[in-house]
Amino acid sequence: MTTIEELERDRWPDPGPDATFLITRCSELRRKPLAEFTAEDLRIMLGQEIAVPALLPRAVHVLLSDPLAEGDYYPGDLLANVLRLHDSAWSELRVERQRLASLLTELVAGPSSPTRTSSRATRTDGLVTPS
């Protein structure tokens, strides 16, 4: 089973007894098989911008099936961390970014209504902008 350490070919030293919970947890997660990652694991690592190229596609997959997937804090905490990532994190995931943006736009707009004549927003490169 593949881990972040194996993908990056970079083994971090053990954090030591004085390390914070977050440092210790991130070190542990680098050694955890990617197939076993939970929404909370993804939230932590993406929040720290660790292994983004390996983890962002997994997080998008989770979010496309459950946009409010949650780790340990609140519904949507994974989405919140994904949305905080720099644009450069999405350079290889343009299609996925557009799919996620479309899904979020639909969720915010709600179900289509016969009285609704037009959308109040337009989509441009995965971003929603007022029209």
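Summary of the structure given here. (Residues numbered from 1 in each chain as written. Predicted model: local features only at pLDDT ≥ 70, side-chain atom pairs only at ≥ 80, totals over all residues. Heavy atoms only, no water.)

Right, let's talk about helix H4 (residues 52-65) for a bit. Across its 14 residues, H4 extends 20 Å between first and last C-alpha, which sits within 8% of the 20 Å expected from 1.5 Å per residue. Where H4 is concerned, the buried positions are Val 52, Leu 55, Leu 56, Ala 59, Val 60 and Leu 63. Buried residues of H4, viewed axially, fall in a sector of 145°; they line one side. Exposed residues pointing more than 90 degrees away from the buried face of H4 are listed as His 61 and Ser 65. (Helix = DSSP H or I, 4+ residues; strand = E, 2+ residues; numbered from the N terminus. Expected span 1.5 Å × (residues − 1). Buried < 20%, exposed > 50% of the residue type's maximum accessible area, 1.4 Å probe, protein only. Arc of directions from axis to C-beta.)

Turning our attention to helix H3 (residues 39-47). Of all 9 residues making up H3, 8 are buried, and the element is well covered by its neighbours. Restricting attention to buried positions, one finds in H3 the residues Ala 39, Glu 40, Asp 41, Leu 42, Arg 43, Ile 44, Met 45 and Leu 46. On its buried face, H3 sits against helix H1 (4-8), helix H2 (21-31), H4 and helix H5 (77-83). Positioned one or two residues after H3, Glu 49 has a phi angle of 55°, which is positive. (Contact = heavy atoms within 4.5 Å.)

For any two helices packed against each other, the geometry is given by the interaxial angle and the distance between the axes. It is at 10 Å that the axes of H3 and H4 come closest, and there the two elements cross at 135°. As far as their axial angle goes, H4 and H3 are oblique. Both H3 and H4 take part in a crossing whose hand is left-handed. Every residue of H4 that contacts H3 at Leu 42, Met 45 and Leu 46 is listed here: Val 52, Leu 55, Leu 56, Arg 58, Ala 59 and Val 62. (Axes fitted to C-alpha atoms, helices over the stretch in contact; angles between N-to-C directions. Parallel < 35°, antiparallel > 145°, perpendicular 65-115°, else oblique. Left-handed = near helix turned anticlockwise from the far one by under 90°.)

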